[in-house]
Protein chains: 2
Amino acid sequence: MKNSLNRELSAELLKEKDYKPFENATIGNPEIQRTAPTVRVSTGDGKLVDSIADVVKKTLKDGMTISFHHHLREGDFIFNQVMDEIIKQGFKNLTLAPSSLTNVMNDKVIEAIKAGVITNITSSGMRGSLGEAVSHGLLPNPVIFRSHGGRARAIENGDIKIDVAFLGVPNADRLGNANGMEGDAVFGSLGYALMDANYADKVVLLTDNVVDYPNTPASIKQTQVDYVVKVDQVGDPDRIGTGATRFTKNPKDLKIAKMVNDVIVHSPYFKQGFSFQTGSGGAALAVARYLRESMIDKNITASFALGGITTPIVKLLEEGLVNRVMDVQDFDKGAADSMKNNRNQQEIDASWYADPDNKGAMVDQLDVCILSALEIDTDFNVNVMTGSNGVIRGAVGGHQDAATAKMTIISAPLTRGRIATVVPHVGTVVTPGESIDVLVTEVGIAVNPRRQDLLAAFKQVPGLPLMTIEELQQKAEQIVGKPKPLEYTDRVVALMEYRDGSIIDEIHEIK
Amino acid sequence: MKNSLNRELSAELLKEKDYKPFENATIGNPEIQRTAPTVRVSTGDGKLVDSIADVVKKTLKDGMTISFHHHLREGDFIFNQVMDEIIKQGFKNLTLAPSSLTNVMNDKVIEAIKAGVITNITSSGMRGSLGEAVSHGLLPNPVIFRSHGGRARAIENGDIKIDVAFLGVPNADRLGNANGMEGDAVFGSLGYALMDANYADKVVLLTDNVVDYPNTPASIKQTQVDYVVKVDQVGDPDRIGTGATRFTKNPKDLKIAKMVNDVIVHSPYFKQGFSFQTGSGGAALAVARYLRESMIDKNITASFALGGITTPIVKLLEEGLVNRVMDVQDFDKGAADSMKNNRNQQEIDASWYADPDNKGAMVDQLDVCILSALEIDTDFNVNVMTGSNGVIRGAVGGHQDAATAKMTIISAPLTRGRIATVVPHVGTVVTPGESIDVLVTEVGIAVNPRRQDLLAAFKQVPGLPLMTIEELQQKAEQIVGKPKPLEYTDRVVALMEYRDGSIIDEIHEIK
């Protein structure tokens, strides 16, 4: 069967898992019955546990769903310690449901899969050796990839039922009041982890910093926590800002960032009180710099900046150019450190950030959003999940969610090495073309034909290099040539959920 | 049938409502399945509604359960406006489930009951004309009185299913992000209302102060709110501090307060890092003054002060004598105003404050608690609900909840006018004697025989007027004589829940 984007889907698999094929990006006004955890009542005394081994023994059973957060990204020291103990104790058939997986976790996940400890995974993404292994069929069941908003939705409606959440925190008191703002492993917002704390049946905090009771502000509350485990070190906050969040010095990236800024400034959305999300990755970070200059020039301030937050965004807040920073995750230590001192940097959970199934998420109020792409096709569908070789090497993150902005800009180089970014058909659709309004590459800007209003506005601007997306695709093809078609088996190794829970694409095993 | 306190209960009524009789104050470690609201999904636009009439029409149906908070106490302007409109539109058979009812609401509740609009009530309490009317049989069904913690429990497990919550707030943005800290009607903590915001199917905010989006800090979040209604005036914060929260100048009250302080200071709990709740009412407020002097004298600071918060408590925080104020409600404007500026004054919801069915409430960590009483009997059972004439004229509040403190002190005059406070049997048991450790009156101090450890400690203290509670009861009787027994009908007008949901007593119609 095919969904509305003409992506071939396994009818059998969809039926087995009770999934609908993707139709469109409209959410509408359904009524959703939320779910809630089972709570083991206590006075709160006796939550302190000596060792990870003990708490794993106390909480886990075969077949359960376990979760972790990825706020410490490549600086996380918790995941491997806990998973190591779970493997040692010989649990089987677990579902791993973290907010995302980073490279530092890969070896341990692969070990757990090989040992039959992990048999199912749902995540925002995976990269490196784990992506390779899963793409080659290591995991017995298909991974389910969900956006940050999609994960929040799934947790809230029970599609993901977390039995035990293992959450690393830079501080906690003996009852579990905790935040991300103080201690050696400060990572700022606990945005994704707040979902786990609120909905998991059992919540285990792991910290290197047990502080006096009561610990406030309490992003995670004692009413949510079952156990507090003292560990040697939660993580290395200096390694939050690696990987997808490196700051660019690449002239091509800077050129794109400048063009992205031109698009924003000449759009109807650049006005007093506008809002934006720049995100992480490549050129996106540099946009904040150019945008700052434009805002000062035009005497415009923003009502809010959203999303994964970086130091340049926090600087805008400090300068008064941005009124509020709505912070679901901090992409570097500077942004993380800022949250403690700036009351206008508001911690938000993943539901508030992006859950499509609630009474309004921040992304629904977003004017301008800049996102990246591994590939974008002539229908403006975007792939941020699989590489040109078909291997899993990315993450949905908030891509599908933030793309609901009034103007979503994809910022990407036309080609990367010998690989085209603009292609006839993306390997994997993560975000549907109907959500994407503008593509900015270093050679030209393409506006989605659905947005004739934007096209008309940009045509008035001298010097904006407007092109069709077909022209950009052909330019890319002229540079790098036509790639050989990829070869896959019939086996589905991953299902790509759209944020509403429908299936927007599937990923097959590499032949 | 009788419960463990020998209180006669209607077996038929308990069976009909699936209630258990009270056994004891121990909660234990049951597993509780939490409940969750049904959410009507939207982008969050279009929440602003012009009038109360419109929002009542959009949300209400016959037979529903509606709720309000009482944070503005006698200064509330919301309840009457909304209820007036509900009566006008002719809805029937509603259950009224506010966090509590204050005198300013009485006329409108009586009108609604007479019109058949309200047929069931659950509340923390009721006073004045409404208490009189209900005691004389006005309401067709028994009121269910619940403590603040008991209400949180009932909301979280579905015993109270709120269909529509009408919540007055001093500020909100157009999507419903709101707090209690800014605006003309500042009342500080939204502690009780946070339960309604989190669990009601439909949440309506009413505010006189629609502020720029996004409004932070957001105690109530846009993800919880369906409608925002602009009204002329939410309330008068100068009238929060009236009624049960007046500051005493009465010499007898001051004497009791001094004795309460002596008991605290000479107890084993008065040590570095101790915690306490003073509450509101009569002498309790004055205790904070004496306690301050003792803390300075002995160079002791408290880890936290809990509960309904007053200006004297906030001053202790400012002086560094208290490390954290854990604030479920502010009893006066000074305390309310302070929350905005002092990050160590932490807003907590009613569940965190006192819900017995969670993973640890603040009350479970409380060392010392001072509570008031209308009556206390020789078994140390306390009545804060019915007067000596049998009429409903009080509120459970956090009484049952905070009484779980390691040392709970009842502070009360031996007699009030021609009425004894210490009696052979209280008219209505609200808090069981097993929770009460010490009674302090102006003529003597009685220690619960269950607490031989405390008795032994206090015997070492020269000048503490220790007596048995029977001696105090006899002294009271010598002063005021034996009252005539009250006469009731067989009809039950109210059920008194213990915080665990069992029935600790029932209140009968006055003959």
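Since the model is a prediction, treat every value here as computed from it, not as a measurement.

Reading guide: rules and limits
Positions within a chain are numbered from 1, following the residues in the order the chain's sequence is written. Chains and ligands are labelled by the order in which they are written, letters from A for the one and numbers from 1 for the other. Totals for whole chains, interfaces and linings use all residues, but because this is a predicted model, local features are given only for residues with pLDDT of at least 70 and pairs of side-chain atoms are given and counted only at 80 or more. Each side-chain value is derived from all of the structure's non-hydrogen atoms; neither hydrogens nor water enter the calculation. Helix and strand definitions here come from DSSP, where helices need a minimum of 4 consecutive H or I residues and strands a minimum of 2 consecutive E residues; each element is numbered from the N-terminal end. For each residue, the accessible area found with a 1.4 Å probe, counting protein chains only, is set against the maximum for its type, and the residue is called buried under 20%, exposed over 50%, and partly exposed in between. Surface exposure here means Shrake-Rupley accessible area, sampled with a 1.4 Å probe, where a residue is shielded only by the protein chains that are shown. Fitted lines through C-alpha atoms give the axes, limited to the stretch in contact for helices. The angle between two N-to-C directions lies from 0 to 180 degrees. Throughout this description, any angle smaller than 35 degrees is read as roughly parallel, any larger than 145 degrees as roughly antiparallel, any in the 65 to 115 degree range as roughly perpendicular, and the remainder as oblique. For any helix crossing, the convention is left-handed if the near helix is rotated counterclockwise from the far helix by under a right angle, and right-handed if that rotation is clockwise. Here, two residues are considered to be in contact whenever any of their heavy atoms come within 4.5 Å of each other. Here the term charged refers only to Asp, Glu, Lys and Arg, the term nonpolar to Ala, Val, Leu, Ile, Met, Phe, Trp, Tyr, Cys and Pro, and the term polar to all other amino acids, Gly among them. Summed over both partners, the accessible area lost on bringing two parts together, with a 1.4 Å probe, is the buried area. A side-chain nitrogen of Lys or Arg and a carboxyl oxygen of Asp or Glu constitute a salt bridge if their distance falls within 4 Å. Polar contacts here mean pairs of N or O atoms no more than 3.5 Å apart (in protein, one a potential hydrogen donor and the other a potential acceptor; neighbouring residues in sequence count only if both atoms are side-chain atoms). By definition, two strands form a pair when at least two bridges between them are found by DSSP. Confidence scores here are pLDDT values: one per residue, from the predictor, ranging 0 to 100. Copy-to-copy superposition: least squares on the C-alpha atoms, limited to residues that have pLDDT of at least 70 in both copies. Look down the strands so they point away from you; if the path from the first strand over the helix to the second goes clockwise, the crossover is right-handed. Starting at the helix axis, one direction is taken to each C-beta atom, and the arc is that of these directions.

Chemist: What am I meant to see in the overall build of chain A here?
Modeler: For chain A, the count of helices and strands is 15 helices and 28 strands. Expressed as lengths along the three principal axes of its C-alpha atoms, the size of chain A is roughly 70 × 55 × 45 Å. In chain A, which comprises 511 residues, the proportion classed as buried is 65%. Roughly 17700 Å² of accessible area belongs to chain A as shown, and the carbon and sulfur atoms make up 46% of that amount.

Chemist: It is not clear to me how the packing of helix 2 (residues 52-59) of chain A against helix 3 (residues 78-88) of chain A should be interpreted in this structure. Could you clarify?
Modeler: In a packed pair of helices, the relevant descriptors are the angle between the two axes and the axis-to-axis distance. Residues and elements named next belong to chain A. Orientation of helix 2 relative to helix 3, taken along the N-to-C sense of each, is 60°, at an axis distance of 9 Å. By the angle between their axes, helix 2 is oblique relative to helix 3. Crossing angle aside, the handedness with which helix 2 passes helix 3 is right-handed. Residue-level contacts link Ile52, Ala53 and Val56 of helix 2 to Gln81, Val82, Glu85 and Ile86 of helix 3. Split into classes, the residues belonging to the contact of helix 2 with helix 3 amount to five nonpolar, one polar and one charged.

Chemist: Can you walk me through the interface of chain B and chain A in this structure?
Modeler: It is common to report an interface's size as the accessible area lost on association of the parts. Each partner contributes residues to the interface: chain B has 57 residues there, and chain A has 57 residues. Of the roughly 4800 Å² buried between chain B and chain A, counting both surfaces, carbon and sulfur atoms make up 47%. Where chain B meets chain A, there are four salt bridges. Close ionic contact of B:Glu31 with A:Arg40 constitutes a salt bridge, the shortest N to O distance being 3.8 Å. Along the contact surface separating chain B from chain A lie 40 residue pairs in polar contact (both at pLDDT 80 or more). Among the elements of the structure, strand 1 (31-33), strand 2 (38-40), strand 10 (202-207), strand 13 (302-309), strand 14 (322-330) and helix 12 (350-354) of chain B are those that each provide at least two residues to the side of chain B that touches chain A. The class makeup of the residues in the side of chain B that touches chain A is 21 nonpolar, 20 polar and 16 charged. Of the pairings in the sheet, the one linking strand 2 (residues 38-40) of chain A to strand 1 of chain B comprises three bridges and is antiparallel in character.

Chemist: Would you explain the confidence of the model for chain A in this entry?
Modeler: Low-pLDDT stretches of the model should not have their predicted coordinates read in fine detail. For chain A, per-residue confidence averages 96 on the pLDDT scale, and 98% of positions sit at 70 or higher. Per the prediction output, this complex has pTM 0.97; the corresponding ipTM is 0.96.

Chemist: Mind showing me how you'd approach the relation of the copies chain B and chain A here?
Modeler: One copy of the chain maps onto the other through a rotation about an axis plus a displacement along that axis. Least-squares fitting of chain B to chain A yields an RMSD of 0.0 Å, with the superposition described by an axial translation of 0.0 Å and a rotation of 180°. Considering both components of the superposition, the chain copies are consistent with a two-fold axis. Using C-alpha coordinates, one finds that chain B approaches the rotation axis most closely at B:Ala36, a distance of 2.9 Å.

Chemist: How do you make sense of the side chain of A:Asn358 when you look at a structure like this?
Modeler: Relative to the elements of secondary structure, A:Asn358 occurs in the loop between helix 12 (350-354) and strand 16 (368-371). In this structure the side chain of A:Asn358 is engaged in a polar contact, spanning 2.9 Å, whose partner is the backbone nitrogen of A:Gly360. If sequence neighbours within four positions are ignored, A:Asn358 has contacts with A:Arg34, A:Ser351, A:Trp352, B:Val39, B:Arg40, B:Val41, B:Ser42 and B:Thr223.

Chemist: How should I be thinking about the pairing of strand 10 (residues 202-207) of chain A in this particular structure?
Modeler: Two faces, one strand: in a regular strand the side chains alternate between the faces of the sheet. All names here are of chain A. Burial of strand 10 is extensive: six of the six residues sit out of reach of the surface. On strand 10, burial covers both faces: Lys202, Val204 and Leu206 on one face and Val203, Leu205 and Thr207 on the other are all buried. The pairing of strand 9 (residues 164-169) with strand 10 spans six bridges and is parallel. Bridge pairing in strand 10 places Gly168 opposite Leu206. Read as a crossover between parallel neighbours, the route from strand 9 over helix 7 (residues 193-199) to strand 10 is right-handed.

Chemist: Would you mind going over the pattern of salt bridges with me for this structure?
Modeler: A pair can form between side chains of opposite charge whenever their charged atoms are brought close. For the structure on display, the rule yields 48 salt bridges over all chains. In this structure, the salt-bridge partner of A:Lys108 is A:Glu111, at a minimum N-O distance of 3.0 Å. With A:Lys108 and A:Glu111 both in helix 4 (residues 106-114), this residue pair falls three residues apart, about one helical turn. Taking the relative accessible area as the measure of exposure, A:Glu111 reaches 35% and is therefore partly exposed. B:Arg292 is paired through a salt bridge with B:Glu319; the nearest N and O atoms lie 2.6 Å apart. Pair noted here: B:Arg292 is in helix 9 (residues 284-298) and B:Glu319 is in the loop between helix 10 (311-318) and strand 14, with a separation of 27 residues, a long-range link. You can call B:Arg292 partly exposed: its relative accessible area is 30%.

Chemist: What should I look at first to understand the sheet that holds strand 20 (residues 407-411) of chain B in this one?
Modeler: What holds strands together in a sheet is hydrogen bonding between their backbones, with the strands either parallel or antiparallel. All names here are of chain B. Taking strand neighbours across the sheet as the criterion, the nine strands line up as 15-14-13-12-16-20-24-25-26 in an open arrangement whose pairing is mixed. Because the sheet does not close on itself, it has two edges, and the strands there are strand 15 (345-347) and strand 26 (466-467). Bridge count for strand 12 (residues 274-277) against strand 16 (residues 368-371) is two bridges, and the pairing is parallel. Among the inter-strand pairings, Gln277 is bridged to a residue of strand 16, identified as Cys369. Across the face of the sheet, helix 8 (residues 251-265) comes into contact with strand 12, strand 16, strand 20, strand 24 (438-440) and strand 25 (445-447) while running at roughly 165° to strand 20. Against the sheet, helix 10 touches strand 12, strand 13, strand 14 and strand 15, its axis set at about 155° to strand 14.

Chemist: So what exactly am I meant to see when it comes to the packing of helix 3 (residues 78-88) of chain B against helix 4 (residues 106-114) of chain B here?
Modeler: Residues and elements named next belong to chain B. At their nearest, the axes of helix 3 and helix 4 sit 10 Å apart, and the two run at 15° to each other. The angle between helix 3 and helix 4 falls in the class roughly parallel. The two elements helix 3 and helix 4 cross, and the hand of that crossing is left-handed. On the side of helix 3, the interface is formed by Phe79, Asn80, Met83, Asp84 and Ile87, while helix 4 contributes Lys108, Val109, Glu111 and Ala112. The class makeup of the residues in the contact of helix 3 with helix 4 is five nonpolar, one polar and three charged.

Chemist: What is the right way to look at unusual backbone geometry in this model?
Modeler: Both trends apply: most residues other than glycine have a negative phi, and most peptide bonds are in trans. Residues and elements named next belong to chain A. The omega torsion of the bond from Thr216 to Pro217 falls at -5°, within 30 degrees of zero and hence cis. One can find Pro217 in the loop between strand 10 and strand 11 (227-230). Although it is not a glycine, Asn93 adopts a positive phi angle of roughly 65°. Considering the arrangement of structural elements, one finds Asn93 in the loop between helix 3 and strand 5 (94-96).

Chemist: Sorry, what's going on with the side chain of B:His148 here?
Modeler: All names here are of chain B. Its place among the elements puts His148 in helix 6 (residues 148-157). With a relative accessible area of 7%, His148 lands in the buried category. For His148, the contacting residues outside a window of four places in its chain are His70, Ser99, Ser124, Tyr192, Ala350, Tyr353, Gly397, Gly398 and Asp401.

Chemist: Sorry, what's going on with the sheet that holds strand 24 (residues 438-440) of chain A here?
Modeler: Residue and element names in this part refer to chain A. Pairing in this open sheet of nine strands is mixed, and the strands run 15-14-13-12-16-20-24-25-26 from one edge to the other. Of all the strands in the sheet, the pair left with one neighbour each is strand 15 (345-347) and strand 26 (466-467). In this structure, strand 14 (residues 322-330) lies alongside strand 15, joined through three bridges in parallel fashion. The partner of Met326 across the bridge, within strand 15, is Gln346.

Chemist: Teacher, can you tell me more about helix 11 (residues 333-341) of chain B here?
Modeler: One turn of an α-helix holds 3.6 residues; hence residues three or four places apart share an orientation. Residues and elements named next belong to chain B. Burial in helix 11 covers these residues: Ala335, Ala336, Ser338 and Met339. Across the axial projection of helix 11, the buried residues extend over an arc of 160°, all falling on one side. Those residues of helix 11 that are buried lie in contact with strand 13, helix 10, strand 14 and strand 15. Of the residues flanking the start of helix 11, the one acting as N-cap is Asp332, its side-chain oxygen 3.1 Å from the backbone nitrogen of Gly334.

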